[in-house]
Amino acid sequence: MDVAGWKDEMVGVRKMIGQFASIDPCEVKGMRAPFLQGGGDNQFQMLAENNFTYDCSWPTRTYGYIDAETALYPYTLDFATVQDCPIKPCPKCSYPGLWVQPMIDLEDEWLGSNPQCPTCGNVCSMLDGCVIMGNQTKEHVYDMLMKNFMRVYHGEEDEFGFQEGNKAPWGLYMHAAWFFGEQKFHFDGYKMFLEEITNTTKYPDVFIVPVQAGLEYMKKPAPMSVLQNWGKKDISPFGCESIENETGKYDKTKNRCGGSQSCRFNVDLPADGIQGERYMAICKRKADGTIQNCPGEDRYPWLGDHCGGNTPCNDCIA
């Protein structure tokens, strides 16, 4: 896609989230390319021109997978990147101030699938793509996640000796469907994993935070003693005081969804492979508290018609 195409996609998504989830569209600060198929300089030029802070679509095998002890930290594109480009195209130009949160590739349980490393599992960027071999149990999921986590957090022995992990921010990315239906063992294993790494006695310096919070820390790093002293206070990049107290932008009296409503659409977009009946849940109130109705059944929110005629359909204006 060209720059305009990326803008129609990603600015359109941001406008839809702002309209139908009744939040400030400026809260949408980053993006992930569909199917991790990045757009190189066209994509990053669009991000730089449209008030986005970061991209998290770019996997790395060189600084991940079985070499994740030396994983990449988030970085800006002020200068040329050293990150590998497993899914072309990747940006070649400079975009000062625009951040990249690398997707550190994982190693799954499919041993022997990688001819370059017969004793290794296969590479996967998202949990949906990781193969769990043998019995489909929560213990298998837990073991796979812990193996990858400990490689980054603690380190690993290789042919050159023990390589200490650099504790780079390490993301786990998946679609919601990974947890549902017959895949409940995924959720149970994932929950076991979270319960383990949030044991502050074993892992006192582990924080589970969204990408934006991690980037705020990268902008102004603080020693562990300071983070512990700040605790939940909002002065910390990992603070959650206003979330728990429902103050500021988390004040329910100021940011009202009003409950959800299900909207039905008759969709006829054969060029995009979308036809038939579709449903979408939206907030009953707009961000300003006024009533929001469903768009017309023939106005499925899509490219070029992001909000299906609903107003104000605002974008983030810096």
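Here is a short report on the structure shown in this document. (Residues numbered from 1 in each chain as written. Predicted model: local features only at pLDDT ≥ 70, side-chain atom pairs only at ≥ 80, totals over all residues. Heavy atoms only, no water.)

**As for the sheet that holds strand 2 (residues 54-55)**
Hydrogen bonds between backbone groups are what pair the strands of a sheet, and the pairing can be parallel or antiparallel.
Right, on to step 1. Spatial ordering of the open sheet is given by 1-2-5-4, a layout of four strands whose pairing is mixed. One side of each edge strand has no neighbouring strand; the edge strands of this open sheet are strand 1 (30-31) and strand 4 (75-77).
Right, on to step 2. For strand 1 and strand 2, the ladder comprises two bridges, and the chain directions are parallel. Among the inter-strand pairings, Met31 is bridged to a residue of strand 2, identified as Asp55.
Right, on to step 3. Helix-sheet contacts for helix 2 (residues 40-49) involve strand 1, strand 2, strand 4 and strand 5 (95-100), and the interaxial angle to strand 5 is about 105°. (Pairing = 2+ DSSP bridges. Helix = DSSP H or I, 4+ residues; strand = E, 2+ residues; numbered from the N terminus. Contact = heavy atoms within 4.5 Å. Axes fitted to C-alpha atoms, helices over the stretch in contact; angles between N-to-C directions.)

**Focus: the environment of Ile274**
Right, on to step 1. Position of Ile274 relative to the elements: it lies in strand 12 (residues 274-283).
Right, on to step 2. A relative accessible area of 13% means that Ile274 is categorised as buried.
Right, on to step 3. Dropping the residues within four chain positions of it, Ile274 is found in contact with Val267, Asp268, Leu269 and Trp302. (Buried < 20%, exposed > 50% of the residue type's maximum accessible area, 1.4 Å probe, protein only.)

**Here's the deal with a nonpolar patch on the surface**
Right, on to step 1. A cluster of nonpolar side chains, contributed by Val13, Ile17 and Ile23, occupies part of the molecular surface with about 190 Å² of accessible area.
Right, on to step 2. Take Ile17: it is sitting in helix 1 (residues 3-20). (Patch = residues over 30% accessible without salt bridge, like charges linked within 9 Å, V, L, I, M, F, W, Y side chains within 5 Å. Areas by Shrake-Rupley, 256 points an atom, 1.4 Å probe, with all protein chains shown as cover. Salt bridge = Lys/Arg side-chain N within 4 Å of Asp/Glu carboxyl O.)

**Thoughts on the packing of helix 1 against helix 2**
Right, on to step 1. Relative orientation of the contacting elements helix 1 and helix 2 amounts to 60°, with a least axis distance of 8 Å. On the basis of the axis angle, helix 1 is oblique to helix 2. Like other packed secondary-structure pairs, helix 1 and helix 2 cross with a definite hand, here right-handed. The segment helix 1 lies against helix 2, with Val3, Trp6, Lys7 and Met10 engaging Asn42, Gln43, Gln45, Met46 and Glu49.
Right, on to step 2. When the residues that make up the contact of helix 1 with helix 2 are grouped by side-chain class, the tally is four nonpolar, three polar and two charged. (Parallel < 35°, antiparallel > 145°, perpendicular 65-115°, else oblique. Left-handed = near helix turned anticlockwise from the far one by under 90°. Nonpolar A, V, L, I, M, F, W, Y, C, P; charged D, E, K, R; others polar.)

**A closer look at the side chain of Gln261**
Right, on to step 1. Positionally, Gln261 belongs in strand 11 (residues 260-269).
Right, on to step 2. Of note is the side chain of Gln261, whose polar atom sits 2.6 Å from the backbone oxygen of Gln292.
Right, on to step 3. In contact with Gln261, not counting residues within four places along its chain, are Met280, Ala281, Ile282, Cys283, Lys284, Gln292, Asn293 and Cys294. (Polar contact = N/O pair within 3.5 Å; in protein donor to acceptor, adjacent residues only side chain to side chain.)

**Remarks on the pairing of strand 12**
Right, on to step 1. Inspection of the sheet shows strand 11 paired to strand 12 by ten bridges, in the antiparallel sense. Directly across from Arg264, in strand 12, lies its bridge partner Tyr279.
Right, on to step 2. Where strand 11 folds back on strand 12, the antiparallel hairpin that results is connected by four residues, among which Gly273 adopts a positive phi of roughly 70°.

**With respect to empty space enclosed by the protein**
Right, on to step 1. In total, this model carries one cavity of 30 Å³ or more according to the counting rule given.
Right, on to step 2. A volume near 80 Å³ is recorded for the largest cavity.
Right, on to step 3. Around the largest cavity, the lining is made up of 14 residues, and of these Gly38, Ser57, Trp58, Pro89 and Cys90 lie nearest the centre.
Right, on to step 4. Counting residues per element, the lining of the largest cavity draws most heavily on helix 2, at three residues.
Right, on to step 5. Per-class residue counts for the lining of the largest cavity are eight nonpolar, five polar and one charged. (1 Å grid on protein atoms, 1.4 Å probe; cavity = no way out; pocket = protein on both sides within 12 Å on 5 of 7 lines; lining within 4 Å. Points joined across faces, edges and corners; volume = space filled by probe spheres on them.)

**What about the nonpolar core?**
Right, on to step 1. Within the largest apolar cluster, 26 residues are counted, with the highest numbers of intra-cluster contacts made by Leu127, Leu145, Phe149, Trp170, Leu172 and Phe193.
Right, on to step 2. Listing elements by their share of this core, those giving two or more residues are helix 3 (138-153) and helix 4 (184-197).
Right, on to step 3. When residues no more than four places from it in sequence are discounted, the contact partners of Phe149 are Trp170, Phe193, Ile197, Tyr203 and Val206.
Right, on to step 4. Counting residues in each nonpolar core, the second largest holds 18 residues, with Met10, Val11, Ala33 and Met46 among its members. (Core = buried A, V, L, I, M, F, W, Y, C linked by side-chain atoms within 4.5 Å.)

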